[in-house]
Amino acid sequence: MTTPRHTYGRGRLAAAFGGLAAATLAVAIAVPAAAAGSTLQAAASESGRYFGTAIAASRLGDGTYTSIANREFNMITAENEMKMDATEPSRGQFSYSSGDRIVNWARQNGKQVRGHALAWHSQQPGWMQNLSGTDLRNAMLNHVTQVASYYKGKIYAWDVVNEAFADGSSGGRRDSNLQRTGNDWIEAAFRAARAADPNAKLCYNDYNTDNWSHAKTQGVYNMVRDFKSRGVPIDCVGFQAHFNSGNPVPSNYDVTLRNFAALGVDVQITELDIEGSGSSQAQQYQGVVQACLSVARCTGITVWGVRDSDSWRASGTPLLFDGSGNKKAAYTSVLNQLNAGGTTNPNPNPTTPVPTPTTTTPPPTGGGSCTATYSEGQKWGDRFNGTVTIRANGNISGWTSTVTVRSPQKIIATWSGSPSWDSSGNVMTMRPSGSGALSSGQTTSFGFTVQHNGTWTWPSVTCAAS
């Protein structure tokens, strides 16, 4: 993404998803001022996250560049040096020298490494571009195996497959030489990567998957859901997050991250850059950080470069430091937001959000042999989260809970259950995703996000047991 060989179609940077007002993602939880970090990595670490950057081996001799990178970031991604054309320029002949420079620099400075990327339709070596069918499939799998094995034990997470879904409204796969080897090629790549390095997190990585309503986002979501249901080894989803005025940060970005996390995967912002300057750019960066902080399994953020002059789209001044290495307004907004805090991330479990009851929580209500208790969660300018805890009063084989919101409120996202709505859209019936059996005294919970549209009244909840 820093060289002309990594280019993107017009649709990538032209699709408008709607702007993000910084206030709409305000995070309510704050860490004590005394714990504030003075660098990006220190501030992110307060909530158990990392803050990373992409590094080019050719710039490791630049003192200003390495000084900023060492001071501010604790996760490192190679910009181009670990891609297919760099690591296997001739078939069966692997070259790791440039990748090793970055990995060694990172590890010597106490940092972790994200591997990028094992299988991709772009930046393939010429010999691979000329293959097809079984020969290409075998070559791809061998590449994944060899590179992941070489770096085994040194990589925090691999982007196993990169950019495999098509732009536009189809929600389907990209027509590439790898796709034409068979629809199971992505699954095969993930299984090969797991066999080669069982301890690295395995990620699918893509762009223009930030807006929850986008067909491409839904296509990737459906693939991840299928993989998780069948035991395909996928641990994380990467959101590249390249934004500009034609493709701003969407207002439902946090919903997207939360819904993917609810599938049981980590979510990572992997290549963040936002074209612009001043307060507008700073607010967009703040919104992205707020979205990540609101989701327990958003484990970290990587910006795609150190200084504006290092960026693959330098003319858009999209990074946190200017060409001279000075901190920009965007840097300050990111640092302040990281220090404002969010959901912590030690061994997160998004499918059972922890309720945050207060002394003003309405009394439990229920029918039969279960009760439902509502607890208020995080609040933003235009929406809030809620959690319903179901408690069994005696052994039950199943349960059904209703959640009623007051118009013009609308429930816009759910997790940890199977919802349905009445014709008004104001009454949601939630059923267990799997078995709803609970022993006496046992509890389970589900959650949802309410777009309040100016009405802050809490939902009413009920429970019926079977």
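Residues numbered from 1 in each chain as written. Predicted model: local features only at pLDDT ≥ 70, side-chain atom pairs only at ≥ 80, totals over all residues. Heavy atoms only, no water.

1. Considerations on the packing of helix H11 (residues 278-293) against helix H12 (residues 329-340)
H12 packs onto H11 with a crossing angle of 25 degrees between their chain directions and a minimal axis gap of 8 Å. One element, H11, and the other, H12, form an angle in the roughly parallel class. Remark: the crossing between H11 and H12 carries right-handed chirality. Facing Gly278, Gln281, Ala282, Tyr285, Gln286, Val289, Gln290 and Leu293 of H11, the residues of H12 in contact are Ala329, Ala330, Ser333, Val334, Gln337 and Leu338. (Axes fitted to C-alpha atoms, helices over the stretch in contact; angles between N-to-C directions. Helix = DSSP H or I, 4+ residues; strand = E, 2+ residues; numbered from the N terminus. Parallel < 35°, antiparallel > 145°, perpendicular 65-115°, else oblique. Left-handed = near helix turned anticlockwise from the far one by under 90°. Contact = heavy atoms within 4.5 Å.)

2. Some remarks on the packing of aromatic side chains
What the rule picks out here adds up to 19 aromatic pairs. Taking 6.2 Å as the distance between ring centres and 25 degrees as the angle between the ring planes, the aromatic pair formed by Tyr374 and Phe448 counts as stacked. Separated by 74 residues along the polypeptide, Tyr374 in strand E10 (residues 370-379) and Phe448 in strand E16 (residues 443-451) bring together distant segments of the chain. Of the two residues, Tyr374 and Phe448, both sit in the buried class. An aromatic cluster of at least three residues, connected via ring pairs, comprises Phe94, Tyr96, Tyr150, Tyr151 and Trp158. (Phe/Tyr/Trp six-rings, centres within 6.5 Å; stacked < 30°, edge-to-face > 60°. Buried < 20%, exposed > 50% of the residue type's maximum accessible area, 1.4 Å probe, protein only.)

3. Regarding the pattern of salt bridges
Within this structure, the stated rule accounts for 20 salt bridges. Arg307 is the salt-bridge partner of Asp62, the closest N and O atoms lying 2.9 Å from each other. Separated by 245 residues along the polypeptide, Asp62 in the loop between strand E1 (50-55) and helix H3 (63-72) and Arg307 in the loop between strand E9 (298-303) and H12 bring together distant segments of the chain. The class of Arg307 is buried, set by a relative accessible area of 7%. In this structure, Arg297 and Asp266 form a salt bridge, with 2.9 Å as the shortest nitrogen-oxygen distance. Taken together, the positions of Arg297 in the loop between H11 and E9 and Asp266 in strand E8 (residues 266-274) put the pair 31 residues apart, joining distant regions of the chain. (Salt bridge = Lys/Arg side-chain N within 4 Å of Asp/Glu carboxyl O.)

4. Remarks on the side chain of Asp159
Tracing the sequence through the fold places Asp159 in strand E4 (residues 157-162). Reaching out from Asp159, the side chain makes a polar contact with the side chain of His116 at a distance of 2.8 Å. Excluding its chain neighbours within four sequence positions, the residues that come into contact with Asp159 are Arg114, Gly115, His116, Ala117, Leu118, Cys203 and Asn205. (Polar contact = N/O pair within 3.5 Å; in protein donor to acceptor, adjacent residues only side chain to side chain.)

5. As for the state of the cysteines
All told, the structure shown has three disulfides when counted by the stated rule. Shown here is the disulfide that connects Cys203 with Cys236, its sulfur atoms set 1.9 Å apart. The sign of the S-S torsion, about -85 degrees, decides the handedness of the disulfide formed by Cys203 and Cys236: left-handed. Remark: Cys236 occurs in strand E6 (residues 236-239) and Cys203 occurs in strand E5 (residues 201-206); sequence separation between them is 33 residues. (Disulfide = S-S within 2.5 Å.)

6. Considerations on the sheet that holds strand E17 (residues 460-465)
Spatial strand order, E14-E15-E12-E17: four strands in an open sheet with antiparallel pairing. The outermost strands of the open sheet, each flanked by one partner alone, are strand E14 (418-421) and E17. Averaged over all neighbouring strand pairs, the angle between strand axes comes to 20 degrees, with direction disregarded. Examined bridge by bridge, strand E12 (residues 399-404) and E17 share six bridges and lie antiparallel to one another. Opposite Trp399, over in E17, you have Ala465 as the bridge partner. (Pairing = 2+ DSSP bridges.)

7. What to know about the environment of Asn208
In this structure, Asn208 sits in the loop between E5 and helix H9 (215-230). Accessibility expressed as a relative area gives 4% for Asn208, which makes it buried. Residues Asn208 and Glu163, 45 residues apart in the sequence, show an inter-C-alpha distance of 9.6 Å.

8. Section: unusual backbone geometry
Of note, the amide linkage connecting His116 to Ala117 takes the cis form, showing an omega dihedral of -5 degrees. For Ala117, the location among the structural elements is in strand E3 (residues 112-120). A cis amide bond links Ser407 with the next residue in sequence, Pro408, at an omega value of 15 degrees. Its location among the elements puts Pro408 in the loop between E12 and strand E13 (410-415). In this structure, Asn208 is a non-glycine residue whose phi angle is positive, near 55 degrees. Not every positive phi belongs to a glycine, and Thr317 is a case in point at roughly 40 degrees. With respect to the helices and strands, the residue Thr317 is situated in the loop between E9 and H12. We classify Thr317 as partly exposed; its relative accessible area is 30%.

9. What about H11?
When the terminal C-alpha atoms of H11 are compared, their 23 Å separation across 16 residues agrees well with the 22 Å that a helix rising 1.5 Å per residue should span. Regarding H11, the residues found buried are Gln281, Ala282, Gln284, Tyr285, Gly287, Val288, Val289, Gln290, Ala291, Cys292 and Leu293. Buried residues in H11 make contact with strand E7 (242-243), helix H10 (253-261), E8, E9 and H12. (Expected span 1.5 Å × (residues − 1).)

10. As for the pairing of E12
The alternating pattern of E12 places Trp399, Ser401 and Val403 on a buried face, while none of Thr400, Thr402 and Thr404, on the opposite face, is buried. As paired elements, E12 and strand E15 (residues 427-431) share four bridges and run antiparallel to each other. Bridged to Ser401 within E15 is Met430.

11. Some points on the pairing of E16
Sheet topology note: the strand E11 (residues 383-392)/E16 ladder contains nine bridges and is antiparallel. The partner of Val388 across the bridge, within E16, is Phe446. Sheet topology places E13 next to E16; five bridges connect them, and they run antiparallel. Along E16, the bridge assignment pairs Trp415 with Gly447.

The analysis is restricted to geometry; functional conclusions fall outside its scope.
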